[in-house]
Protein chains: 2
Amino acid sequence: MNLRLARTSCIECPIRHRAVCAECDDTELAVLEGIKSYVTVPKGGRIAEAGESLDHLSSVVSGCATVSKTLADGRRQMVGLLLPSDFIGRPGRATLSFDIEAATDVTLCRFQRRAFEAIIRSSPNVARRLLTMTLDELDVARDWQVLLGRLTARERVIHFLLSLVRREATETGAAHRSGPVRLELPLSREMIADYLGLTIETTSRQFTALRKDGLIKTPTARTIVVPDLVDLMPEAMDEDGAPSA
Amino acid sequence: MNLRLARTSCIECPIRHRAVCAECDDTELAVLEGIKSYVTVPKGGRIAEAGESLDHLSSVVSGCATVSKTLADGRRQMVGLLLPSDFIGRPGRATLSFDIEAATDVTLCRFQRRAFEAIIRSSPNVARRLLTMTLDELDVARDWQVLLGRLTARERVIHFLLSLVRREATETGAAHRSGPVRLELPLSREMIADYLGLTIETTSRQFTALRKDGLIKTPTARTIVVPDLVDLMPEAMDEDGAPSA
DNA sequence: TTGCCGCCTTGATGCAGATCAAGGCGCGAA
DNA sequence: TTCGCGCCTTGATCTGCATCAAGGCGGCAA
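It should be emphasised that the depicted structure is a prediction, and the values quoted were computed from it without experimental measurement. (Residues numbered from 1 in each chain as written. Chains lettered and ligands numbered in written order. Predicted model: local features only at pLDDT ≥ 70, side-chain atom pairs only at ≥ 80, totals over all residues. Heavy atoms only, no water.)

### Regarding the overall build of chain A
So, step 1. Helix and strand counts for chain A come out as seven helices and twelve strands.
So, step 2. Taking 2.2 N^0.38 as the reference for a compact globule, 245 residues should give roughly 18 Å; the C-alpha atoms of chain A span a radius of gyration of 19 Å, in line with that estimate.
So, step 3. For chain A, the C-alpha atoms occupy an extent of roughly 55 × 40 × 35 Å along the three principal directions.
So, step 4. In chain A, which comprises 245 residues, the proportion classed as buried is 56%.
So, step 5. Pairs at least 24 apart in sequence give 73% of the contacts found in chain A among residues at least 6 apart.
So, step 6. Within the structure as shown, chain A displays about 10600 Å² of accessible surface, and the carbon and sulfur contribution to it stands at 52%.
So, step 7. Here chain A contributes 32 positively and 33 negatively charged side chains, and the mean placements of these two sets differ by 3 Å. (Helix = DSSP H or I, 4+ residues; strand = E, 2+ residues; numbered from the N terminus. Rg over C-alpha atoms; globule rule 2.2 N^0.38 Å. Buried < 20%, exposed > 50% of the residue type's maximum accessible area, 1.4 Å probe, protein only. Contact = heavy atoms within 4.5 Å. Areas by Shrake-Rupley, 256 points an atom, 1.4 Å probe, with all protein chains shown as cover. Lys, Arg positive; Asp, Glu negative; His and termini not counted. Charge placed at Lys NZ, Arg CZ, Asp CG, Glu CD.)

Encoded structure:
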């Protein structure tokens, strides 16, 4: 792990209003500011390993990390995707159950675990925010279970693309309901396959099929252009009731 | 929903030390005691529906409930199994994203949402316990993602059985690491299939195969006897490293 | 006791996605 | 500029599970 300290002020922090600190008042923020430190992990680097004890909790400031588990025979399943503002770690317990790796260069805002646990106890705004974020993650994980258990390969890929678009929209504040969108995929085909519970080959074939159907364009393997989001959404097969995104 | 009030004291409550109230001191417990009420939902009854607003949060006192989502075309995936001590609801938000149904007769210990949210604010022991429980549920959901994304039908059924055994062990305090175990399945074959992301037929065939292999006995469709847990565990294909349970 | 109904099992067949197997393409190093 | 190496795509084939289709079994009502 490549350490690099920085002195960015929380006030100017890009995730100030979305991360675990989102609901802090100035006093609380000052406390967090006092114990935080920045770390950069290069693309491909390990951030944490299942079972290993870690004494820092952190927020993702920039970049993209994956949460996954690898079985004894090499089968691998991604179970979480960490983007800016997402939280890493489990207050109250030192060990994680999953591996966390940097999919791109990742910058973390870290807190010593003991110090952060003290803050949770003293500042209900942090505790409450963390509970909300964890409940949101639980909903995401459960939607993902539906995807892995019941959706076809094509539906999975479409869901993946739509979720990236949606996530990007909430980050930039912009909300495209329709119209063309350009996406830079933070993940390789192999990682996407692990995300979706498919093989690389099937994933690749689905991208090809979507391209042939005119639903996406692929100027580069890592760049996806969606001419019209509305075309993609009917195939997502979401919820009960009617198909939607 | 079939209402039935009762005046069981928290002190004698079977889930007193495992539920959301587990870490309460006597004062906090008294407050909860003041706002709680019991409800019984008969087998097959709806406890909550996705999107619908509910003004109670509850703990499962007895019985078994399922958390699931149904797609527009009828495909269904279970994403959670609620057993005694598990918590239902999302403090801070009125609507759920999933359907909750009683798989057996279920008794709930309910709290008015507003009142409970006030308690979370005033009593850190409840807030902390809820965070821990939510983090635990997240881990369970993620392990389930691995099962749905990468395990074979046989491995899924074995995992299901082992998870029931383990859960039962923590409830009764008894820990069998080996030796014969008898299980009463709280779920029908259809529900097990929805749990495991399989069809009824495949699920049934896997039970048959395990029986033919001598790994289980099935005196009744709903009763499973595992002559030796140790025989089942090597096939579970858990974690990294070596196969284990 | 009989008959019905829901749930479960078993068999035959089909198909989506895995697996096996070649290349192609783009990018960085020499 | 060329080479080599990842990463991605495409094709051929295989297979585990879904789907389609019959019954069997057990509990309950009459």
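### Quick word on the nonpolar core
So, step 1. By size, the foremost hydrophobic cluster in this structure holds 110 residues, and its most contacted members are Leu161(A) and Leu161(B).
So, step 2. Residues in contact with Leu161(A), not counting those within four places in the same chain, are Leu183(A), Leu185(A), Phe207(A), Leu210(A), Ile216(A) and Ile224(A). (Core = buried A, V, L, I, M, F, W, Y, C linked by side-chain atoms within 4.5 Å.)

### Things to note about the sheet that holds strand β8 (residues 99-102) of chain B
All names here are of chain B.
So, step 1. Pairing is antiparallel across the open sheet formed by four strands, whose spatial order is β3-β8-β5-β6. Only two strands of the sheet have a single neighbouring strand rather than two, namely β3 (46-48) and β6 (76-82). The average angle at which neighbouring strand axes cross in this sheet is 35 degrees, direction not considered.
So, step 2. Across two bridges, the pairing between β3 and β8 is antiparallel. Bridged to arginine 46 within β8 is glutamate 101. (Pairing = 2+ DSSP bridges. Axes fitted to C-alpha atoms, helices over the stretch in contact; angles between N-to-C directions.)

### Details of the protein's contact with DNA strand D
So, step 1. In the vicinity of DNA strand D lie 18 residues, with Arg189(A), Arg205(A), Thr208(A), Thr202(B) and Arg205(B) positioned nearest.
So, step 2. For DNA strand D, the backbone makes up 64% of the atoms found within 4 Å of the protein, where backbone means sugar plus phosphate.
So, step 3. Here a phosphate oxygen of DNA strand D and a side-chain polar atom of Ser204(A) are 2.9 Å apart.
So, step 4. Interatomic distance of 2.8 Å between a side-chain N/O atom of Arg205(A) and a base nitrogen of DNA strand D.
So, step 5. Contributions of two or more residues to the surface near DNA strand D are made by α6 (200-212) of chain A together with α6 (200-212) of chain B.
So, step 6. For the surface near DNA strand D, the element with the most residues is α6(A), which contributes six residues.
So, step 7. Taken together, the residues that form the surface near DNA strand D break down as four nonpolar, seven polar and seven charged. (Near = heavy atom within 4 Å. Polar contact = N/O pair within 3.5 Å; in protein donor to acceptor, adjacent residues only side chain to side chain. Nonpolar A, V, L, I, M, F, W, Y, C, P; charged D, E, K, R; others polar.)

### Some points on the protein's contact with DNA strand C
So, step 1. Near DNA strand C there are 18 residues, and of these Ala153(A), Thr202(A), Arg189(B), Ser204(B) and Thr208(B) occur at the shortest range.
So, step 2. The sugar-phosphate portion of DNA strand C accounts for 62% of its atoms within 4 Å of the protein, the bases making up the rest.
So, step 3. In the environment of DNA strand C, a base nitrogen lies 3.1 Å from a nitrogen or oxygen atom belonging to the side chain of Glu201(A).
So, step 4. With respect to DNA strand C, the side chain of Arg205(B) contributes an N or O atom lying 2.8 Å from a base nitrogen.
So, step 5. Every element with two or more residues in the surface near DNA strand C is listed here: α6 of chain A together with α6 of chain B.
So, step 6. Tallying contributions element by element places α6(B) first for the surface near DNA strand C, with six residues.
So, step 7. Residue composition of the surface near DNA strand C, grouped by class: four nonpolar, seven polar and seven charged.

### Here's the deal with helix α1 (residues 26-35) of chain B
Residue and element names in this part refer to chain B.
So, step 1. Of the residues making up α1, those classed as buried are Glu28, Leu29 and Leu32. Within α1, the buried residues cover an arc of 100 degrees as seen down the axis, which keeps them to one side. Of the residues in α1, the exposed ones pointing more than 90 degrees away from the buried face are Asp26, Thr27 and Gly34.
So, step 2. Buried residues along α1 sit against β2 (36-41), β9 (106-112), α2 (113-122) and α3 (124-150).
So, step 3. Where α1 begins, the side chain of aspartate 25 points an oxygen toward the backbone nitrogen of threonine 27, at a separation of 3.1 Å. (Arc of directions from axis to C-beta.)

### Structural notes on the environment of Ser188(A)
All names here are of chain A.
So, step 1. Residue position: serine 188 is located in the loop between β10 (181-184) and α5 (189-196).
So, step 2. By relative accessible area, serine 188 is classed as partly exposed at 23%.
So, step 3. Distance from serine 188 to glutamate 23, taken between C-alpha atoms, is 35 Å for residues 165 residues apart in sequence.

Coordinates in, geometry out; function isn't part of it.
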